[in-house]
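In case you want the letters, here they are:
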Amino acid sequence: MPRACQWLGLDVMAAAADSPVWERDGRDWPNRQSSAFVEAGGLTWHVQRIGQGPCLLLLHGTAASTHSWRDLAPILAPHFTLIAPDLPGQGFTTSLPQARVSLAGFSEALHALLKQLQVSPDLVLGHSAGAAIALRMALDGKIAPRAIFSLNGALLPLGDEHAAFFTRAARVMVGLPFVSKLCAWRASKQEVAAKLLRDTGSDIGPRGVELYTRLFSYPGHIRAALMMMAQWELRPLLRDLPRLAPALFLMVGSRDRAVPPMQARRIQAILPAARIITLEGLGHLAHEEAPQRVADTLLKEWSGVAQHVTGAAA
């Protein structure tokens, strides 16, 4: 997500609209033919549903949207029924009230969506903050997948020992109306968005940069991302992690500059059964850099999980 706005002192011109508008911004949206709008849990969700086979829930990270799966989804579609929502307040999904913006709140909201869609995920792929949401849902009994794949999962508090400071800072910024407008105005400049994305350790190409730039130009999208930061309490998740039932795969980009790869070892120390898979040469947005490699890795590991379950049932 855009860094917590280091661009004070600039003249700001508010965007014409607060949040992305499907009729305009979604006109050429990746995998648009799979998009639908669904009412659930008091929200209007933008969801993409594509493919056939076991149900795979895709949860994107902070300040992203379904566009981040644009190249991975078609590769996985022959093997899975993919359910990919925009998270609340991001992309084309409406926002949760601020009081409900938390891991538990997102878990409840997504549970309502899955009930409305009448689907039960067999596995989940969560990127960055999406991985934390997937784990919270499983721990809370909202989903019961066989496996959770954490792709560069943001599972430890921001800044670790400085987590309280970062959370307080995010809360202050959410409370200042001009901050999200300032961030949006600044990040809407394509060269600035490109630098922010490169700073994650990933090169995702011009199309990816253009789509992020489009989203970053809206204060509502930025505000939702800041609000997630402000309310994201991970310590209860870490406390509960040892009782996780699904298999956990920690897919880690060796060049990730947003979530240090060494954090996976700390998660494994809490849950020794978790398996670490290193994606050499890839950064935080590994699924956008090298979708085929990420798909091949997931398919290989899922095959082992499925065979184990089939053998146990026999």
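Residues numbered from 1 in each chain as written. Predicted model: local features only at pLDDT ≥ 70, side-chain atom pairs only at ≥ 80, totals over all residues. Heavy atoms only, no water.

A.B. asks: How should the layout of surface pockets be read in this particular structure?
C.D. replies: In this approach the atoms are scanned with a rolling probe the size of a water molecule, which exposes any empty space left behind. The volume enclosed by the second largest pocket comes to roughly 250 Å³. Among the elements that make up the lining of the second largest pocket, the one with the highest residue count is helix α9 (residues 219–231) (5 residues). Looking at the lining of the second largest pocket residue by residue, the classes come out as 12 nonpolar, 7 polar and 2 charged. (1 Å grid on protein atoms, 1.4 Å probe; cavity = no way out; pocket = protein on both sides within 12 Å on 5 of 7 lines; lining within 4 Å. Points joined across faces, edges and corners; volume = space filled by probe spheres on them. Helix = DSSP H or I, 4+ residues; strand = E, 2+ residues; numbered from the N terminus. Nonpolar A, V, L, I, M, F, W, Y, C, P; charged D, E, K, R; others polar.)

A.B. asks: Would you mind going over the pattern of salt bridges with me for this structure?
C.D. replies: Side chains that differ in sign of charge can pair as their charged atoms come close. This model, assessed by the stated rule, comprises 15 salt bridges. Of the charged contacts, one joins Asp71 and Arg70 as a salt bridge, the two residues approaching to 4.0 Å between their closest N and O atoms. Assessed through its relative accessible area of 40%, Asp71 is described here as partly exposed. Here Asp240 makes a salt bridge to Arg136, at a shortest N to O gap of 2.9 Å. Separated by 104 residues along the polypeptide, Asp240 in helix α10 (residues 235–240) and Arg136 in helix α4 (residues 129–139) bring together distant segments of the chain. Take Asp240 and Arg136: they sit in the same class, and that class is buried. Each of Arg136, Asp140, Arg239, Asp240 and Arg243 takes part in salt bridges that share partners, so that together they form one network. (Salt bridge = Lys/Arg side-chain N within 4 Å of Asp/Glu carboxyl O. Buried < 20%, exposed > 50% of the residue type's maximum accessible area, 1.4 Å probe, protein only.)

A.B. asks: How should the pairing of strand β8 (residues 275–279) be read in this particular structure?
C.D. replies: Where strand β7 (residues 247–253) and β8 come together, 5 bridges link them in parallel fashion. Bridging across to β8, Gly253 finds its partner in Leu279. Between β7 and its parallel partner β8, the chain crosses via helix α11 (residues 263–270), and the hand of that crossover is right-handed. (Pairing = 2+ DSSP bridges. Right-handed = clockwise from strand over helix to strand, strands pointing away.)

A.B. asks: What's the story with the nonpolar core in this structure? I'm lost.
C.D. replies: Soluble globular proteins tend to bury their nonpolar side chains together. Judged by nonpolar contacts, the single largest core of 49 residues is most densely connected at Ile133, Trp232, Leu244 and Leu248. Top element by residues in this core is α4. It accounts for 9 residues. Formed by 28 residues, the second largest nonpolar core is a distinct cluster that contains Ala147, Leu151, Phe249 and Leu282. (Core = buried A, V, L, I, M, F, W, Y, C linked by side-chain atoms within 4.5 Å.)

A.B. asks: So what exactly am I meant to see when it comes to α11 here?
C.D. replies: Each α-helix winds once per 3.6 residues, and so residues spaced three or four apart point in a common direction. Restricting attention to buried positions, one finds in α11 the residues Gln263, Ala264 and Ile267. Viewed along the axis of α11, the buried residues span an arc of 105°, placing them on a single side of the element. Among the exposed residues of α11, those pointing more than 90 degrees away from its buried face are Arg265 and Ala269. Close packing links the buried residues of α11 with α10, β7 and β8. (Arc of directions from axis to C-beta. Contact = heavy atoms within 4.5 Å.)

A.B. asks: Can you help me understand the sheet that holds strand β6 (residues 147–151) in this one?
C.D. replies: Across a sheet, strands are paired by hydrogen bonds formed along the backbone, either parallel or antiparallel in direction. Taking strand neighbours across the sheet as the criterion, the 8 strands line up as β1-β2-β4-β3-β5-β6-β7-β8 in an open arrangement whose pairing is mixed. Whereas interior strands pair on both sides, the edge strands pair on one side only; in this sheet they are β1 (35–40) and β8. Across the sheet, the mean angle from the axis of one strand to that of its neighbour is 25°, orientation sign disregarded. Against the sheet, α4 engages β3 (55–59), β5 (123–127), β6 and β7, with an angle of about 145° to β5. In this fold α11 packs onto β7 and β8, with an angle of close to 165° to the strand it touches most, β7. (Axes fitted to C-alpha atoms, helices over the stretch in contact; angles between N-to-C directions.)

A.B. asks: Explanation requested: the packing of aromatic side chains in the structure shown.
C.D. replies: Geometrically, a pair of aromatic rings is defined through the distance of the ring centres and the angle of the planes. The tally for this structure, following the rule as stated, stands at 7 aromatic pairs. Relative to Phe92, the ring of Trp22 lies with its centre 4.9 Å away and its plane at 90°, an arrangement referred to as edge-to-face. Of this pair, Trp22 sits in helix α1 (residues 22–25) while Phe92 sits in the loop between β4 (81–85) and α3 (103–117), and the two are 70 residues apart along the sequence. Each of the two residues, Trp22 as well as Phe92, counts as buried. Centre to centre, the rings of Tyr212 and Phe216 are 5.7 Å apart; their planes meet at 50°, and the pair counts as tilted. Note that Tyr212 and Phe216 are positioned in helix α8 (residues 205–216) at a spacing of 4 residues, about one turn of the helix. Every member of this aromatic cluster is reached through a ring pair, and the members are Trp22, Trp29, Phe37 and Phe92. (Phe/Tyr/Trp six-rings, centres within 6.5 Å; stacked < 30°, edge-to-face > 60°.)

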